[in-house]
Amino acid sequence: MSGEEEIRRLGKTILEILEKFGELELENVEIEAEELVLNILPTLARPPAAPGVSLEELTLETVPFEIPREEFPGEIVEVQIGATKSEGGSRKKVIKIGGEKAPPFYRFDYPMKNKPVVSMDVFDYPIRLPKPIRQHFEDVLEDPIAWAKKALEFEPDLITLHLISTSPEYGDKSPKEAAKLVEEIYQQIKDVPIIIGGSGDNKKDPLVLEAAAEVIEGERTALSTASLANDYARIARAAVEYGHNVIALSFIDFPGAKELNNRLMGEGLPKDRIIMDPTSAAVGYGYQYAFSVFERIRLAALKGEELLQMPISGGITNAWAAREAWLSQKKAPEWGPPEYRGPLWEATTGIGLMLAGCDLLMMLHPAAVKIVKTIRDFLISDKKAEVSMFYNWVSMKV
Amino acid sequence: MSERVKPLDVYRLLPGTNCKECGYDSCMAFAYKLIQREAKLEQCKPLFTDPKYESARKKLEELLTPPVRPVVIGVGDNAVTIGGEEVMYRHELTFYNPTVFAIDVHDEMPEDELIARVKRISEFKIERVGQVYRLDAIAVRCTSGNPAKFAECVRKVVENSQLPLILCSLDPKVLEAGLEVAKERKPLIYAATKDNWKEVGKLAQKYNVPVVVSAPGDISTLKSIVRAFMKAGIKEIVLDPGTFFGEGQLADTLDIFTMIRRAAIEKGDKELGWPLLGIPAVVWAGKDGASLSEAEKIELAFMESILCSMLIERFADILIIHTLDTWSLLAPLTLRQDIYTDPRIHPAVEPGLKKLGNPNEWSPVLVTCNFAITYHLVRNDVEGKADAWLLVVDTGGINVESAVAGGTMTADSIAEAMKEAGLEKVVKHRAIIIPGLAARLKGELEDATGWDVHVGPRDSAGIPEFLRKSYWVREGVYGVKSPSENAPVVLTSSNIKEHYSLRVPLAEANVSAWIVVLGTKGKTLEEAIKDGEVSGDAVAQCLDRTGIANLVKHRKLIVSEDLKDLASDIASKTGWEVAVGPKEPEKMVDFVKNFKI
Ligand code: SF4
C-alpha cells in the first residue's frame, strides 16, 4: 500500500469519526481536519453532472419506484371509550381509538388500525354560542339531554357532556347535582359513549369528575380533563376506582404532556386509559403550535417514547375563537357569509389536526362534523384512484 | 430519517482561511449560517474569485441545494419560488417557500368574464393582523383544443395581469402557441406526460421555462420522465403525481404526495426532489358549470377548500384552484400562513406594560398574555381606535384561555405584573380590564389588588366598542379605607376620571368614606346634568338600589358643587340631608376629611 493511500484512508477514518460525533469533537481536531480536506476531496467527489443529452435520443427507461417504507419501533396504545353491558357498562356501541404504527394516514407504512372519531359537544348550561351554531340548537339550549339527542341526529361517533354549570361563573352547581345529570343522561342515551367534561375550573373539576365517575361506574367514560394545574391525582384515582379513562390536558407543551402522563400512570392509571389533549388552536390563532406539538408527540411516540404513546384528543371547537368563523357578514362583508365560513373554519382546523395525529375530535357545528366525517371516511377507504379520468380537469368547462 | 447537511460537511469545503470577508468571524461560523440559510454562498468572495476553489465551490453549491430543489415561476417582483424544502415536519427546521395559490381561467370564457376574473385574481387582497394575503398565479386552461384561441386567451391574461402563469394543455401545439405570447413571463407549462414528453420537454428547453411532469397515480413513470428530462439538462421541473378526490382516492393522493416527499428528503431520491403540484380544482372535473345548482357549487367549494388545506399540510408546493370565493380561500390561505411560520421563532413577546396609541394617566389598562399572536391581535384591534395601556402578563407564550386553565395567568400573576409595571404610579385610576376569557379571575384579582376589575370582551375585536360603551365605574357603593357606619357618604358619577380623582386621593390621605356611584354611563356629573339625566328621583333610586342606607347610621350625603341647584330636590326625594362640597377633588378630600356627621 502506498503512503498516499495510507494517508487517504486515515483521513477517511477521521472524517467518519468526526461525522459520528458531530460538531462536539470539532474544536480539538479542527486543524487536522483542515489539513486533510485536500487529500480527501477526490474520494468524496460526486460524479459530474451529465451534459445535456438531446431529448430526441432519449427513450423512457423503466424506473422502478420502491415505496419508502419506514418501520417505527413504537406503537400507540388502543384506548376503548364506553363499555357494553357484558363489559360492565350500558353502551350499545363502544369506540376504540389509537393503535397506530405509523404517522397519521401514512397507509403505505401501515394502514390505520382505528379511524379518528368525532364527538359533539353538549353543555349543561345555555352557553353563548356563535350564531352559525346556535341556530341548530336554539330549542334545546336549556335541556342538556334534549341537546344530546339533537346532537345525535347529526351522527357523531360519540358525544361529550361538559358540566360547565359547576363553574362559579355559570351557577356554581355542586358536584352532586352535576353527577345527577350524568346519571340521567347515561340512562336516557345508550347508543353511544358519552365523555364527561368539567367546566375548566381547576378547583372544582376534580370534585365534579370524581362524583360523576362514581355514578357511572364501569361505563368506561373519559374524564375530561386532568392537568398539572389541577388535582390530576384525584381524577386519576377516580378513573382507576370506577373504571374510566382520563383525558390529560397539557398546554402546547411537549415535556409537560410527558410529565403529566407519567404522573397519571404513577397514580395507577394504566397507559391504555389515557388520552392526551395537547391543546388545539384555531387556524390563524396559533394553529401551527398545536399542529407541531401534535406531530412532535406522535413522531416521538412512534420512535419509541413510551410516555407519549397515547391517542390524541383535540378541542376542535376552539376554531370558533377565530373571528373568521363567526363575524357577521355586516361586519366583514369581504369575507363572505359566516354560514359557510364558520363550519369551514372548524372543519379545516379539525381535518388539519387529524392529519397531525388527532384521534378524537371534539366539535360543535353539524356541517363541520359532516365534512370531517366524510373526509375521514375518504381517507380510510381502500378504493383506488380513478386515474383515467384525471386530465378531465384541464378541459372542464366551469 | 432525514439526513440534513451538517456544518462540518460545509466547513471542510470552505477555504478555511478565516479571512472574514463573508462578514463572519470564521469559516465555521459561516458554515453554520449557510446551513441555517441565513447566509448566501456568494458572501464568501474567495470561493468565487480564486480559481483554486472552483471545484470546492461547485461541490458546495451541490451540497447546499435542498433535497427539494427550488423552482422559479415568472419574472420580476411577481416571480414566485416553489420548493426549496429540506424537512418533512416543520418542527425539524422550518418550511421555506409558502405554497403558491394559482387560480384557473379557461380559453372559452366570454371575454368580459375572463377579464373580470383575471382582475379579481390579481387584485385579491385580504389584510389580517398586519399580514396581507394575495393570490400568486393564474393557470390558463385550454378547453377549446384550439392553439389560436388559447394564444388569444393567454394574451388577454398577460395584458390584464402581472401574475406568473401556468399554461395548461396536454397538446404541445397549444402550449407552444401560449408560450409564443407569454414567453417573456417565464410561465410554468403543464404538462409533460408519457405520451408527449419529448415535444413538451423541447418546449421547456426552447423557451427556457419550468415544466410540469405529470404521471397520475404512477410514480414510476413520473420518475422515468424526470430522469429523461434531467439527462437532457432540463433544470426546472415540477411534479404532478395526480390529485384525486373521493372515497379512497383522497387517501391515495396523500399517500403519493407523502411517499414522494419522503423519498426526496429522507431517501435522497433526486428524481423526486422537485416541487409538488396539487390540483384541488379536480373536485370540479366532470362538472358542467352551466348546469350546477347553487347548492352543488357551495358543496364543491367547501371540498376544494378542504383539499387545499390538506395538500398544503401534505407537501404541495403549488396549487391550481378553481373557486375564487373569499370564504372558501380564507381558510387555506390562513392555514398556509400558519404552517409556513418559522417554528424557530418563539411565540412569546416581552411581558410588561406597553402603550397602545398615546395613553395618559387616565387611560384604561387592558390585560393580555404574552403569546405573540394574541398580543398582535390586541394591538391591531385597539391602536388607532383608542389610547390605552396594555399590561402583558408572562404566560410563557401561551394564549389567555390556556394560560388561565394551565395556571400561568392567575390573579396573583396579574397582580405581580401590575406591581412590576408600577401601575399605581402610571395611572391615577384603579380600574383594570381583564380579557373575557379570563373572567373567572375577576373576584380573586379584586381581592388581591383592591382594584376594580372589569371583564372585557372575549374577542379583542370588541375592545374599542367595549371602551366606548361599557367602560365606567359600576353603579354601587365603594368603601374607602374600611369605612364604619359613621363614615361620610359622597356621591360621584361613574366617570372614571371624576370618580377616581376623588377616591384615590381619599385613600392616600387615609380618609375613611363611602362613595356612592350614580349610574351615569361614563358621563361626568356636569355632562349628565346637562343631558337632564340627574334629578332628585334618580339619586333616590340610586341610593335605594345600592343599599347604602343599610351601611350607615346617618343620613347625610355629600355632593359636589355640580349638584348645587339640585340639592334641595335630592334632599326632598331621598330624605337625606345634602351637603354641597367643592367641585375640585383636592378640596373635596379635605371637605370629606373634616366633615362632621
Ligand atoms: S469569506 Fe470564506 S474563507 Fe473567508 S472567513 Fe468567510 S467563509 Fe472563510
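Residue numbering note: each chain is counted from 1, following its sequence as written. To label them, take the chains in the order written and letter them from A, then take the ligands in the order written and number them from 1. The predicted nature of this model means local features are confined to residues of pLDDT at least 70 and side-chain atom pairs, given and counted, to a pLDDT of 80 or more, with totals for whole chains, interfaces and linings taken over all residues. Computation of side-chain values: all heavy atoms of the structure, hydrogens and water removed.

*Asks:* Even after reading the chapter, I still don't get the pairing of strand β9 (residues 312-315) of chain A, so can you show me in this structure?
*Replies:* Residues in a regular strand point their side chains to alternate faces of the sheet. Residue and element names in this part refer to chain A. Each residue is assigned to one of three classes by its accessible area relative to the maximum for its type, calculated with a 1.4 Å probe on protein chains only: buried under 20%, partly exposed between the two thresholds, exposed over 50%. By definition, any uninterrupted DSSP run of H or I lasting at least four residues is a helix, any uninterrupted run of E lasting at least two residues is a strand, and each is numbered from the N terminus. Burial along β9 is two-sided: Ile-312 and Gly-314 and Ser-313 and Gly-315, pointing in opposite directions, are all buried. Note: two strands are recorded as paired if DSSP finds a minimum of 2 bridges between them. Of the pairings in the sheet, the one linking β9 to strand β10 (residues 358-363) comprises four bridges and is parallel in character. Of the residues in β10, the one forming a bridge with Ile-312 is Cys-358.

*Asks:* I tried to follow the pattern of salt bridges on my own but got confused; where do I start?
*Replies:* A side chain of one charge can pair with a side chain of the opposite charge if their charged atoms are brought near each other. Residue and element names in this part refer to chain B. Take a side-chain nitrogen of Lys or Arg and a carboxyl oxygen of Asp or Glu: if they are within 4 Å of each other, that pair is a salt bridge. According to the stated counting rule, one finds 67 salt bridges over all chains in the structure shown. Put simply, Asp-104 and Arg-117 hold a salt bridge, and the shortest N to O gap is 2.8 Å. Remark: Arg-117 occurs in helix α5 (residues 111-123) and Asp-104 occurs in strand β3 (residues 100-106); sequence separation between them is 13 residues. Across the pair, exposure class does not vary: Asp-104 and Arg-117 are buried alike.

*Asks:* Quick question: what am I supposed to make of the sheet that holds strand β7 (residues 165-168) of chain B here?
*Replies:* Residues and elements named next belong to chain B. With parallel pairing, the eight strands of this open sheet are ordered in space as β10-β9-β8-β7-β6-β3-β12-β11. Edge positions in the sheet fall to β10 (237-240) and β11 (277-278), since each of these pairs with one other strand and no more. Where strand β6 (residues 137-141) meets β7, four bridges bridge the pair, whose relative direction is parallel. From the neighbouring strand, Val-140 faces β7, where its bridge partner is Leu-167. The contact criterion used is simple: two residues touch if any of their non-hydrogen atoms lie within 4.5 Å. Interaxial angle, 0 to 180 degrees, is taken between N-to-C directions of lines fitted to C-alpha atoms, where a helix line uses only the stretch in contact. Sitting on the sheet, helix α11 (residues 294-313) touches β3, β11 and β12 (318-321), and the angle it makes with β12 is about 170°.

*Asks:* What exactly am I supposed to notice about empty space enclosed by the protein here?
*Replies:* Empty space among the atoms becomes visible once a probe the size of a water molecule is rolled across them. All names here are of chain B. Detection works on a 1 Å grid of protein atoms alone, calling trapped sets that fit a 1.4 Å probe cavities and calling open sets with protein on both sides within 12 Å along at least five of seven lines pockets, with lining residues defined by an atom within 4 Å of a point. Grid points are joined across faces, edges and corners, and a volume is the space filled by probe spheres set on the points. Applying the stated criterion to the full structure yields five cavities of 30 Å³ or more. Taken as a whole, the largest cavity encloses approximately 90 Å³ of empty space. Cys-19, Cys-22, Cys-27, Phe-30 and Cys-44 are, among the 13 residues lining the largest cavity, the residues nearest its centre.

*Asks:* Got a minute to help me understand the pairing of β3(B) in this structure?
*Replies:* Residue and element names in this part refer to chain B. Summarising burial for β3: seven of the seven residues are buried, a large majority. Neither face of β3 is open: one carries Val-100, Ala-102, Asp-104 and His-106, the other Phe-101, Ile-103 and Val-105, and all of them are buried. When β3 meets β12, the two strands line up parallel, connected through four bridges. Its bridge partner being in β12, Ala-102 is matched across the sheet by Ile-320.

*Asks:* Got a minute to help me understand helix α7 (residues 172-182) of chain B in this structure?
*Replies:* Side chains of residues three or four places apart in an α-helix project in the same direction, reflecting 3.6 residues per turn. Residue and element names in this part refer to chain B. Of all the positions in α7, only Pro-172, Val-174, Leu-175, Ala-177, Gly-178, Leu-179 and Ala-182 are classed as buried. Lining the buried residues of α7 we find α6 (147-160), β7, β8 (188-192) and α8 (197-207). We call two N or O atoms a polar contact when they sit within 3.5 Å, provided that within protein one can donate a hydrogen and the other can accept it, with sequence-adjacent residues counted only if both atoms are side-chain atoms. Taking the backbone nitrogen of Lys-173 as reference, a side-chain oxygen 2.8 Å away marks Asp-171 as the first, capping residue of α7.

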